[in-house]
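Structural description and commentary
Chain by chain, the residues:
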Amino acid sequence: MEKKPKTAEERACDPASISSICKAATDCVDLSFFRVERQGAPCPFGAKGLCCRICHMGPCRITAKSPRGVCGADADTIVARNFLREVAGGAAAHSDHGRHLVLLLKRIGRGEGGAYTVKDEQALHRVARSYGIDVQGMDISALAAQVAEVLLAEFTSQEEPLKTLRLSPLSRQGVWRKQDASPSGVDRMVVEAMHRTHMGVDHDYMNILLHAFRLSLADGWGGSRIASMVSDILFGTPMPVRSTANLGILGAETVNVLVHGHEPALSEMLAAAANDPEVKEYAKQAGASGLTLAGICCTANEVLMRHGIPVAGNFLQQELAIVTGAVEMMLIDVQCCMPSLPDVAKSYHTEIVSTSRIARTIGAQAVEFQTDKAYEIAKSLLKRAADNFRKRDPQKVDIPRHTSPLVAGFSVEAIKYMLGGTYRASFRPLNDAVIQGRIRGVVGIVGCNNAKSKLDSYINTLTIELLKENILVLKTGCAAIASAKAGKLTPEAALECAGPGLKEVCEAVGMPPVLHMGSCVDNSRLLEAATEIVAEGGLGEDLSDVPVVGVAPEWMSEKAISIGCYFVASGIDVVLGHPFSVEGSENVTRFLHHEAGELFGASFHVHEDPHAAARAILEIIDRRREKLGINRKAERKLMDMKDRRELGV
Ligand code: SF4
Ligand code: MSK
């Protein structure tokens, strides 16, 4: 019997998405939500990691009848090789993003940055000092050039372990040395991953998986960490900022321009150009009341955190934004931009513009981003969008009215400032609250949406469950946008769900219990926050001691696999909302779920139900609290006069 198609309500939980999914069906527009159903059940060999396409004697598939490929590779080798290649893909994407930013910093240092400057000199000094660069008497350009050189050398380091690893706790560096997991430059680590997984090279699943963890560390403590640090230097360290989320941010009367992808360089210029009086006037001449610049996915997170630019939606809403019929232009850069966008746009007047030399899409207009002309390019793109406004068909416009207010921009510096003020900025109040039990632990909820599951549902259910249990929640990527849409990024709304201890701390400090910490590369900020907790003292010596867990509920990209691996290799347990494609090998599955714990003090756990995930997370946190000797409920007794007399005070 043919399966009944899902209703819009079964595909998404926020009303804006539900209404746009219905509109797409009426407009006969194909969406990922529909394509996933046409795909049917996934190929079991692919889903379990048992298909090998590494040489042309294959493709080989492992079955009970043929337990080895033509070359003799068994399930363990094939599954582990496929896994390592996925980690390499994810680490490469994050790190190449980081490299592009460092190259921009280098150009600024050379005086070739065009309208780009070092926005945050303190951040530049901070980074320079952390690499042992003497900043005394250096002018900003020279320092930018020197920092860029040091960071570029991190990507290509051949034999030396990454210098950036030194930003982690000393004890963790010892674990990596002991397990032979300290990576050198990500360029070499990725090349080595491709070499190891070539036909006839590394066949030992444990050796292959160890390299997956090593490589992921070159992402988390290398490429991604560098990307976050350099973004702060170039565009400013994020500080809390108010804004709005969901499709309703699109203006019925304004020229609507969406930035989508991951790299913030051009969108920073667009943010500046959107305020240019010439551009504003041009939009008015086109008949609009103004211009709305907003974002999708992680480019959205980048410009949200630094400029308060609204977020139109997360990963699965990229097509839905076009379906509103009210988007004049969508600018796509790298990562997570669906190739379907120009097809969706054909039904409306939206122009899709691709801006990265390395990311072209058939049907999109390619306008290459050039550093020295970035501001001019940004202005001309916005004017082109205004020209498109004249082509908007009012009959096709239906903007869901739903929006939610939010607060974002919680860099580690911002959290420290919030907790301790200017003169005593530190994590001490957070550590004390964890030790006293008012905050039970800290959980980072990260990652994507996945068309296989109901948009945002797992993320939002889990977030509420954890807040009730006094867990401070840190968020990045599309998971952060899910919470924004659900209204859980405002202090007021989120506090309604928080348990009494967490609520008390948040009210005292004036912070929300869900902190938006940025984009996908900013998962490195979660590591930075956990390192601050260790450094502050009282919660163990290593990241594997602190009551911290990472969760990727609705993950879909290879980057999420790399992130998961560098969390685990850093000593932080990771809960996945659905499994990796490794179930074809019991040995590989056991290694990731158990033996990794013996090597790194943390491992992967899979829970497809968010309530079960919440229970598992609390167990991990309580186990860690038990080991630290702090797993007791905070006793808070209000003293009456009799008690006081007894105390003699
Ligand atoms: Fe088959 Fe081995 Fe070639 Fe893979 S490497 S396709 S298992 S022969
Ligand atoms: S954008 S990698 S869907 S979080 Fe960073 Fe969202 Fe995942 Fe892309």
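In this report, the structure presented in the accompanying data block is examined. It should be emphasised that the depicted structure is a prediction, and the values quoted were computed from it without experimental measurement. (Residues numbered from 1 in each chain as written. Chains lettered and ligands numbered in written order. Predicted model: local features only at pLDDT ≥ 70, side-chain atom pairs only at ≥ 80, totals over all residues. Heavy atoms only, no water.)

Turning next to the pattern of salt bridges. Summed over all chains, the structure comprises 39 salt bridges. In this structure, the salt-bridge partner of Glu-149 is Lys-106, at a minimum N-O distance of 3.8 Å. Of this pair, Glu-149 sits in helix α7 (residues 140–156) while Lys-106 sits in helix α5 (residues 75–109); the two residues are 43 residues apart in sequence, bridging distant segments of the chain. For Arg-172, the salt bridge is made with Asp-542, and the minimal N-O distance between the two is 2.7 Å. Highlighted residues: Arg-172 in helix α8 (residues 170–178) and Asp-542 in the loop between α23 (523–536) and β14 (548–552), separated in sequence by 370 residues. The pair Arg-172 / Asp-542 is uniform in exposure class, with both members buried. Three or more residues are tied together by salt bridges with common partners; here these are Asp-232, Glu-302, Arg-306, Asp-522 and Arg-525. (Salt bridge = Lys/Arg side-chain N within 4 Å of Asp/Glu carboxyl O. Helix = DSSP H or I, 4+ residues; strand = E, 2+ residues; numbered from the N terminus. Buried < 20%, exposed > 50% of the residue type's maximum accessible area, 1.4 Å probe, protein only.)

It is worth spelling out the layout of surface pockets at this point. There is about 1,500 Å³ of room inside the largest pocket. Around the largest pocket, the lining is made up of 45 residues, and of these Val-36, Pro-42, Asn-450, Ala-451 and Lys-452 lie nearest the centre. Every element with two or more residues in the lining of the largest pocket is listed here: α3 (32–39), α4 (44–47), α19 (457–468) and α24 (558–569). Broken down by element, the residue count for the lining of the largest pocket peaks at five residues, all from α3. Its residues assigned to classes, the lining of the largest pocket shows 18 nonpolar, 12 polar and 15 charged. Estimated volume of the second largest pocket: approximately 610 Å³. Lining the second largest pocket are 25 residues, with Arg-126, Val-412, Glu-413, Lys-416 and Glu-528 positioned closest to its centre. Contributing elements (two or more residues each) for the lining of the second largest pocket: α6 (121–130), α10 (205–235), α17 (412–420) and α23. A breakdown of the residues in the lining of the second largest pocket according to their chemical character gives nine nonpolar, seven polar and nine charged. (1 Å grid on protein atoms, 1.4 Å probe; cavity = no way out; pocket = protein on both sides within 12 Å on 5 of 7 lines; lining within 4 Å. Points joined across faces, edges and corners; volume = space filled by probe spheres on them. Nonpolar A, V, L, I, M, F, W, Y, C, P; charged D, E, K, R; others polar.)

Moving on: the site of ligand 2. Residues in contact with ligand 2, as listed here, are His-262, Cys-297, Cys-298, Phe-315, Cys-336, Gly-447, Cys-448, Cys-478, Cys-520, Met-556, Ser-557 and Lys-559. Broken down by class, the residue content of the shell around ligand 2 amounts to eight nonpolar, three polar and one charged. Both domains that furnish three or more residues to the shell around ligand 2 are identified here as domain 3 (247–396) and domain 4 (410–628). (Near = heavy atom within 4 Å. Domains from an automatic or database assignment.)

Those residues of helix α18 (residues 428–436) lying buried are Leu-430, Asn-431, Ala-433 and Val-434. For α18, the angular spread of buried residues about the axis comes to 160 degrees, placing them on one side. Among the structural elements, α17, β12 (471–475), α22 (500–509), α23 and α26 (610–628) are those in contact with the buried residues of α18. (Arc of directions from axis to C-beta. Contact = heavy atoms within 4.5 Å.)

A word on helix α11 (residues 264–273). Burial of α11 is extensive: nine of the 10 residues sit out of reach of the surface. Buried within α11 are the following residues: Pro-264, Ala-265, Leu-266, Ser-267, Glu-268, Met-269, Leu-270, Ala-271 and Ala-273.

A separate point is the site of ligand 1. Cys-52, Ile-54, Cys-55, Met-57, Gly-58, Cys-60, Gly-69, Val-70, Cys-71, Ile-78, Arg-81 and Met-199 make up every residue found near ligand 1. Most atoms of ligand 1, that is more than half of them, are within 2 Å of grid points of the second largest cavity. By residue class, the composition of the shell around ligand 1 is nine nonpolar, two polar and one charged. (Sits in = over half its atoms within 2 Å of the grid points.)

An order of β13-β12-β11-β14-β15-β16 is seen for the six strands of this open sheet, with the pairing classed as parallel. The sheet terminates laterally at β13 (514–516) and β16 (604–606), the two strands that pair on one side only. Direction aside, the axes of adjacent strands within the sheet are offset by 25 degrees on average. Where strand β15 (residues 573–576) and β16 come together, three bridges link them in parallel fashion. Considered in β16, the bridge of Val-575 is made with His-605. (Pairing = 2+ DSSP bridges. Axes fitted to C-alpha atoms, helices over the stretch in contact; angles between N-to-C directions.)

These values are about where atoms sit, not about what they do.
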